[in-house]
Amino acid sequence: MKAVNLTYKNGGDDLFLNRLFAYLQYKLTVQIEDIVPIRKRVFKVKTVDFDFILKGYSSYHQLIVQDEFTASLKKEGFLQTYNFHPLIVEGPLFMDQWYFGCLEYLPPSENVFSFHKKQDRIQGLELLAKFHDATEEIAEQSRIRVPVFNQLEKWQERTAIFLSNLPIIRYYVQKEIINEWLIWADWSLKGLHKEDIFEKGRRVILHGDVAHHNFLRVMNEDLYLIDFDLISLGHPLSDYLQYANRILPFLNWSLDELSNLCAFEKYLDEKAFIYALAFPTDIFREWNRAIMEKTYVQPEKIKQLLKATVAPFQQRQNFFYQLQQLQEI
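Below or above, wherever it landed, is the structure these notes cover.

About the thresholds
What you see as residue numbers is a count from 1 along each chain, following the sequence as written. Under the rules for a predicted model, residues below a pLDDT of 70 receive no local features and side-chain atom pairs below 80 are neither given nor counted, while totals for whole chains, interfaces and linings still include all residues. As a convention, hydrogens and water are excluded, and side-chain values are obtained from all of the structure's heavy atoms. Centre distance within 6.5 Å is the pairing criterion for rings of Phe, Tyr and Trp, where only the six-membered ring of Trp is used; planes under 30 degrees apart are then read as stacked, over 60 as edge-to-face, and the remainder as tilted. The buried label applies to any residue whose accessible area, calculated with a 1.4 Å probe on protein chains only, is under 20% of its type's maximum; exposed applies above 50%, and partly exposed to all values in between. Criterion for a charge above a ring: Lys NZ or Arg CZ within 6 Å of the ring centre, and within 35 degrees of the ring normal. For salt bridges, the criterion is a side-chain nitrogen of Lys or Arg within 4 Å of an Asp or Glu carboxyl oxygen. Numbering goes from the N terminus for both helices and strands, where a helix is a DSSP run of H or I of at least four residues and a strand is a run of E of at least two. Here the expected length of a helix is defined as 1.5 Å per residue gap, with one fewer gap than residues. Contact criterion: two residues are considered in contact whenever any of their non-hydrogen atoms come within 4.5 Å of each other. The pairing criterion is simple: DSSP has to find at least two bridges between the two strands. Orientation is described by lines fitted to C-alpha atoms, with helices fitted over the stretch in contact, and by angles between N-to-C directions that extend from 0 to 180 degrees. Among buried residues, the Ala, Val, Leu, Ile, Met, Phe, Trp, Tyr and Cys ones that are joined through side-chain atoms within 4.5 Å form a nonpolar core.

Things to note about the packing of aromatic side chains
Here is step 1 of the chain: Throughout the structure, instances matching the rule amount to 33 aromatic pairs.
Here is step 2 of the chain: Judged by centre distance (5.5 Å) and plane angle (75°), the rings of F113 and F115 are edge-to-face. Each member of the pair F113 and F115 is classed as buried.
Here is step 3 of the chain: Where Y267 meets F273, the ring centres are 5.6 Å apart and the plane angle is 40°; that geometry is what we call tilted.
Here is step 4 of the chain: An aromatic cluster is defined as three or more aromatic residues linked by ring pairs; in this entry it consists of F69, F78, Y82, F84, F131 and F228.
Here is step 5 of the chain: Taking NZ or CZ as reference, R41 lies 3.6 Å from the ring centre of W98, over its face.

A few points about the pattern of salt bridges
Here is step 1 of the chain: In this structure the tally under the stated criterion is 15 salt bridges.
Here is step 2 of the chain: Note that R202 is salt-bridged to E136, the shortest N-O span being 3.1 Å. On the criterion of sequence distance, the pair formed by R202 in the loop between α6 (175–194) and β6 (204–206) and E136 in helix α3 (residues 118–140) is long-range, its members being 66 residues apart.
Here is step 3 of the chain: Taking the relative accessible area as the measure of exposure, E136 reaches 22% and is therefore partly exposed.
Here is step 4 of the chain: Of the charged contacts, one joins D209 and R246 as a salt bridge, the two residues approaching to 3.6 Å between their closest N and O atoms. Taken together, the residues span a long stretch of sequence, with D209 in the loop between β6 and β7 (215–217) and R246 in helix α7 (residues 237–247) at a distance of 37 residues.
Here is step 5 of the chain: A residue is classified by how much of its surface remains accessible, and R246, at 27% relative accessible area, is partly exposed.
Here is step 6 of the chain: A network of salt bridges, in which partner residues are shared, links R39, K55, D227 and D229.

Overview of helix α2 (residues 60–75)
Here is step 1 of the chain: Compared with an ideal rise of 1.5 Å per residue, which puts 16 residues at 22 Å, α2 spans 23 Å between its outermost C-alpha atoms and is within 8% of the ideal.
Here is step 2 of the chain: For α2, the set of buried residues is L63, V65, Q66, F69, T70, S72 and L73.
Here is step 3 of the chain: On its buried side, α2 packs onto β3 (51–57), β5 (98–104), α3 and β6.
Here is step 4 of the chain: One or two steps after α2, the chain reaches G77, where phi turns positive at roughly 95°.

Description of the sheet that holds β5
Here is step 1 of the chain: The antiparallel open sheet is built from five strands, whose spatial order is β1-β2-β3-β5-β4. Strand pairing shows two members of the sheet lacking a second neighbour, β1 (32–39) and β4 (93–95), which therefore form its edges. Ignoring which end each strand starts from, the neighbouring axes of this sheet average 30° apart.
Here is step 2 of the chain: Here six bridges tie β3 to β5, and the two strands are oriented antiparallel to one another. Counted as the bridge partner of K55 is G101 from β5.

Points about the nonpolar core
Here is step 1 of the chain: In terms of nonpolar packing, the biggest core is built from 85 residues, with F69, W181, F215, Y243, F264, L277 and W287 touching the most fellow members.
Here is step 2 of the chain: It is α6 that contributes the most residues to this core, eight residues altogether.
Here is step 3 of the chain: Apart from residues no more than four positions distant in its own chain, F69 is found in contact with F131, T135, I138, I144, I205, F228 and I231.
Here is step 4 of the chain: With 18 residues, the next largest nonpolar core counts L24, L28, F52 and F100 among its residues.

With respect to α3
Here is step 1 of the chain: Its 23 residues give α3 an end-to-end C-alpha distance of 33 Å, which sits within 8% of 33 Å, the value for a rise of 1.5 Å per residue.
Here is step 2 of the chain: Turning to α3, its buried residues are D120, R121, G124, L125, L127, L128, F131, H132, A134, T135, I138 and A139.
Here is step 3 of the chain: The positive-phi residue at the C-terminal boundary of α3 is S142, with phi of around 50°.

In structure tokens, the structure reads:
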């Protein structure tokens, strides 16, 4: 039996890993050879015959929902994601107040998915559309119980937190820029109050975190969608808005470049989508997080934060003016 790998550079301790190793040997139907920590509560486990991912969940309900959801995806023909392995002898895997699931390990390609690449941005949108097609059927049949997503409510809450953080933010960002951010948010939220597209029409299971790291290109070059911890019920527009916000920095905040992507062309006829594009959700999110985690006092962290939120100000201001003009047509 090989000793557990203890070279964890992201936290954790040797004692925990040794306990986990012994626990898995007792609870699983396979022989463990090695455990390699990936991030908090996520491990790559090597067995005699294959590898799998061990992932922790805060509740047994959350674990079951994830297992059932991925199984439902496969049933609806969406095959570009992982399976849960039935490797447990009996009962759930429960250790240190966390429930653990055994996920299929997907060997990654050397050709890493990136929003920098135009073709990757297009493929990501195509995969997201396929995901929504599959989850629409799941949502209609109410096979998975997930919370209903409220876009407006989420952004109102994010704005309120940002406003409460202004005394700190003003120390780093000039008031003219902050005031402009608040104008964008106010215009967006007031416009969304008048439009109810999020409350009617098509309903799907939203992914909720369409960041680049949740698109995985596997060894055979197929693109997979992973990590469904934030799934909810809502209009697909919410996922597309998040995707747009993620890729716009790579498009230099160009509305023309965004409209050239077929998935967004149809949505630019929706007033709600135009209002929503103006909301500075990433700016508010990153400043709120930095203040909550107190990383703004770290020179390198605040430098990165200012680069991401303040440096592209002129581009984003022009983007906002274009949205306003489009809304007036």
